[in-house]
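Chain by chain, the residues:
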Amino acid sequence: MAHSDIAERPAGTAEDWTVPQNWDAFPAEDHVTWDALFERQVRLLPSRAAPEFLEGLDILRLSRPGIPDFDELSERLMKATGWQVVAVPGLVPDDVFFDHLANRRFVSGNFIRRPDQLDYLQEPDVFHDVFGHVPLLTHPVFADYMQAYGEAGLRAARHGAIENLARLYWYTVEFGLVRSAGGLKIYGAGILSSFGESRFALDDPSPNRIALDLGRVMRTLYRIDDYQQSYFVIDSFEDLLDRTLNTDFGPLYDALRDAPAIAIDAIVPGDTVITRGTQERADKS
Ligand code: HBI
Ligand code: FE
């Protein structure tokens, strides 16, 4: 999720930072937490999530309720698009994260939030990682985008441009919106796994909603501690993948090096504004 500077590999992790999921070790309360979060989102999202996400959701309805068994999940995902889900203790270093994605392995935190954290937590837990990210990995075009992102990450590291690429991930994979016949829909995992932001991102008058431009987004700051103040909108997953594959990121990073960062709430010349936010939050007094 967030840009990470973790250096030490914890004891008990493999060289690629994975751990056995050890499904049987989750206490019953953890499965109850999953079920509560799952039901709440499944009720909220049919009118809000991208149809490709809703189609992928069924892959999470496994043979047992509660936190999905990653072997069973990976078997289904493998059949759909060749992806797997592997467990990690928490955030992993950027190069490790990119290497997993480039090899079509999605890493998931092997823990779930406490019952008093249902609405908010900063580190990615299994609910965010699996409910938020995995359904779209069943979509062949999105699955390819995620792999391309991992490959781009390994190259960005050599250009000293991980921060630029991390912003692209943030405003697409984590907080992206997509245009559809029925209006804007959510595809970003950070929104889809959040009860509050699933409503805020589409309904609230305060954030900007701006058509995605790769270079623009790569200059845009982001916040990890609150709802976003700008969301970026794609026309389709095909368009996102095409633009990513057809952009030569090396020269783009070179050009961005001297460009100032853009504030999280700013609208800048060249933006295609879909809704201009008031930047006044209804839930803040
Ligand atoms: N580690 N477990 C985990 N999950 C992430 O989403 C993640 C990570 N490490 C790095 C990272 N994300 C991001 O900083 C990259 O997109 C740059
Ligand atoms: Fe995430």
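Note that the structure is a prediction, hence the values are computed from the model and not measured.

Draft legend 1. Summary view of the pattern of salt bridges. For the structure on display, the rule yields 15 salt bridges. Note that R257 is salt-bridged to D254, the shortest N-O span being 2.6 Å. Residue R257 and its partner D254 are located together in helix α12 (residues 249-257), separated by 3 residues, close to a single helical turn. Residue classification places R257 among the partly exposed residues on the basis of a relative accessible area of 48%. Salt bridges linked by common partners bring R223, D225, D226 and R281 together as one network.

Draft legend 2. Region of interest: the sheet that holds strand β4 (residues 183-186). Sheet architecture is open: 5 strands sit in the order β4-β3-β6-β5-β7, paired in mixed fashion. Taken across any chain shown, the strands that pair with only one partner, and hence form the sheet edges, are β4 and β7 (273-275). On average, each strand axis in the sheet is inclined to that of its neighbour by 35°, with strand direction left out of account. Across 4 bridges, strand β3 (residues 177-180) lies against β4 in antiparallel orientation. Across the sheet, residue L177 finds its bridge partner in β4, namely I186.

Draft legend 3. Inspection of helix α1 (residues 28-44) at higher detail. Here α1 spans 25 Å end to end across 17 residues, near enough to the 24 Å set by a 1.5 Å rise per residue. Those residues of α1 hidden inside the fold are in contact with α2 (51-57), α5 (126-133), α8 (189-192) and α9 (195-203).

Draft legend 4. Main features of helix α6 (residues 140-159). Taking 1.5 Å of rise per residue, the 20 residues of α6 would be expected to cover 28 Å, and the 29 Å separating its terminal C-alpha atoms lies within 8% of that figure. Among the residues making up α6, those that are buried are V141, F142, A143, Y145, M146, Q147, A148, Y149, G150, A152, G153 and A156.

Draft legend 5. Looking closely at the packing of aromatic side chains. Under the criterion given, the structure shown has 20 aromatic pairs. A ring pair is formed by Y171 and F232, whose centres lie 4.9 Å apart and whose planes are at 75°; its orientation type is edge-to-face. Here Y171, found in helix α7 (residues 162-174), pairs with F232, found in strand β6 (residues 230-234); they are 61 residues apart in sequence, far enough to count as distant. F232 matches Y171 in its accessibility class, with the two residues each being buried.

Draft legend 6. Highlighting the nonpolar core. By size, the foremost hydrophobic cluster in this structure holds 82 residues, and its most contacted members are W34, L60, V130, F131, M146, L165 and Y187. For L165, the residues in contact, after removing those within four places along its chain, are Y149, A152, G153, A156, M218, F249 and Y253.

Draft legend 7. Spotlight on the coordination of the iron ion (ligand 2). Only H128 (NE2), H133 (NE2), E174 (OE) and E174 (OE) from the protein reach the iron ion (ligand 2) as donors, at distances of 2.0 to 2.7 Å. For the iron ion (ligand 2), the 4 donor atoms in the first shell make angles of 53 to 134° at the metal, a pattern classed as irregular.

Draft legend 8. Representation of the pairing of β3. Linking two consecutive strands that pair antiparallel, namely β3 and β4, is a turn of 2 residues. In this structure, β3 lies alongside β6, joined through 2 bridges in parallel fashion. By the bridge assignment for β6, V178 is matched with I234.

Conventions and cut-offs
- Residues numbered from 1 in each chain as written.
- Chains lettered and ligands numbered in written order.
- Predicted model: local features only at pLDDT ≥ 70, side-chain atom pairs only at ≥ 80, totals over all residues.
- Heavy atoms only, no water.
- Salt bridge = Lys/Arg side-chain N within 4 Å of Asp/Glu carboxyl O.
- Helix = DSSP H or I, 4+ residues; strand = E, 2+ residues; numbered from the N terminus.
- Buried < 20%, exposed > 50% of the residue type's maximum accessible area, 1.4 Å probe, protein only.
- Pairing = 2+ DSSP bridges.
- Axes fitted to C-alpha atoms, helices over the stretch in contact; angles between N-to-C directions.
- Expected span 1.5 Å × (residues − 1).
- Contact = heavy atoms within 4.5 Å.
- Phe/Tyr/Trp six-rings, centres within 6.5 Å; stacked < 30°, edge-to-face > 60°.
- Core = buried A, V, L, I, M, F, W, Y, C linked by side-chain atoms within 4.5 Å.
- Donors = N, O, S within 2.8 Å, 3.2 Å for Na, K, Ca; no water.
- Tetrahedral: all angles 85-135°; square planar, octahedral: opposite > 155°, others 65-115°.

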